[in-house]
Amino acid sequence: LLLILHLRAKDFSENRVRLRALDSTDPLTGLTITPVLRLRVRDALRRARRSGHRCAVMLVDLANHAEISAEEGREAGDRALVVAASRLSSVVREVDTVCRIEDTRFALLLEGPQPDEARRQLAQLIVARGLEPVPPLPPHLNLRFRVVSAWVPDGTMALSEDGSADEQRLLLRLNLAMDRLLENGRKVVHHLAADPAEGGDRVGPASDAP
């Protein structure tokens, strides 16, 4: 009887763990959901300010998702998102976070200390990984990633008016920058930096499609 009760308790515990995992992951891609990402970004910003080390936050948009879905169907569009999630997860470390924050848009938190050059190289790597073939899609339907990144905390980019860490402000600025990038037909990478003297954003060099 004790053995049966133990096994039932174990099954119940495992089921609760699975349910908690489902509550914290995106059902299509298995990635972390947005509320969890926001908490981790907020904590990373606070740690970075205390330690003096910067971390990096990136947005990645699957810019041709609508084209893939239109040519190959909705199932192929979902498949493209799953492949995108897998490729983004493969280029970061286990301590980093990858999250799908919108239908075709992903966020990456790269825990610090993170050198500025590392995020620039990673942005180019992400673009290159997207251009690899995606079976069973036709060769011309690869994943056209667009990348916006920020090296934070820096200036007022991730700070609220009272000087505290503000992950919502940071993510909003990154999303606005991504919207502008998608309006530009050629540029694929956009690096943001805050100008402490002016308290605003200045845009780093953007890269054309390889």
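Our structure's up above, just so we're on the same page.
All of these numbers come straight from a predicted model, not from anything done at the bench.

Attention shifts here to the overall build of the protein. Regarding its fold elements, the protein presents six helices and seven strands. Secondary structure elements in the protein, listed N-terminal to C-terminal, are α-α-β-α-α-β-β-α-β-α-β-β-β. Looking at the 210 residues of the protein, the share that counts as buried comes to 43%. Nonlocal contacts in the protein, meaning residues at least 24 apart in sequence, comprise 66% of its contacts between residues at least 6 apart. Within the structure as shown, the protein displays about 11500 Å² of accessible surface, and the carbon and sulfur contribution to it stands at 53%.

What follows deals with the side chain of glutamate 111. With respect to the helices and strands, the residue glutamate 111 is situated in the loop between strand E3 (105–110) and helix H5 (116–130). We classify glutamate 111 as buried; its relative accessible area is 15%. A polar atom in the side chain of glutamate 111 sits 2.7 Å from the side chain of arginine 47. Apart from residues no more than four positions distant in its own chain, glutamate 111 is found in contact with Ala44, Arg47, Cys55, Arg93, Val95 and Asp96.

Note that phenylalanine 145 resides in strand E4 (residues 145–152). The sequence separation of phenylalanine 145 and alanine 128 amounts to 17 residues, and the corresponding C-alpha distance is 8.6 Å. Not counting residues up to four positions away in its chain, the partners in contact with phenylalanine 145 are Val60, Asp61, Leu62, Ala84, Ile126, Val127, Gly130 and Val188.

This paragraph deals with the packing of helix H2 (residues 34–51) against helix H6 (residues 167–183). Look at H2 against H6: their axes get within 9 Å of each other, and the N-to-C directions meet at 110 degrees. In terms of axis orientation, H2 runs roughly perpendicular to H6. Across the interface between the two elements, Arg38, Val41, Arg42 and Leu45 of H2 pack against Glu167, Gln168, Leu170 and Leu171 of H6. Looking at the contact of H2 with H6, its residues break down into four nonpolar, one polar and three charged.

Generally speaking, a soluble globular protein has its nonpolar side chains buried in company with each other. Ranked by internal contacts, the top residues of the largest apolar core, which has 31 residues, are Met58, Val60, Phe106, Leu108, Ile126, Leu143 and Val147. Only strand E1 (55–62), helix H4 (74–90), E3, H5, E4 and strand E5 (187–195) provide two or more residues apiece to this core. Tallying contributions element by element places H4 first for this core, with seven residues. Not counting chain neighbours up to four residues away, the residues in contact with leucine 143 comprise Leu62, Asn64, Ile68, Ala80, Val83, Ala84, Arg87, Gly130, Leu131 and Val134. Counting residues in each nonpolar core, the second largest holds 20 residues, with Val57, Leu109, Val152 and Leu170 among its members.

Rules and cut-offs
- Residues numbered from 1 in each chain as written.
- Predicted model: local features only at pLDDT ≥ 70, side-chain atom pairs only at ≥ 80, totals over all residues.
- Heavy atoms only, no water.
- Helix = DSSP H or I, 4+ residues; strand = E, 2+ residues; numbered from the N terminus.
- Buried < 20%, exposed > 50% of the residue type's maximum accessible area, 1.4 Å probe, protein only.
- Contact = heavy atoms within 4.5 Å.
- Areas by Shrake-Rupley, 256 points an atom, 1.4 Å probe, with all protein chains shown as cover.
- Polar contact = N/O pair within 3.5 Å; in protein donor to acceptor, adjacent residues only side chain to side chain.
- Axes fitted to C-alpha atoms, helices over the stretch in contact; angles between N-to-C directions.
- Parallel < 35°, antiparallel > 145°, perpendicular 65-115°, else oblique.
- Nonpolar A, V, L, I, M, F, W, Y, C, P; charged D, E, K, R; others polar.
- Core = buried A, V, L, I, M, F, W, Y, C linked by side-chain atoms within 4.5 Å.

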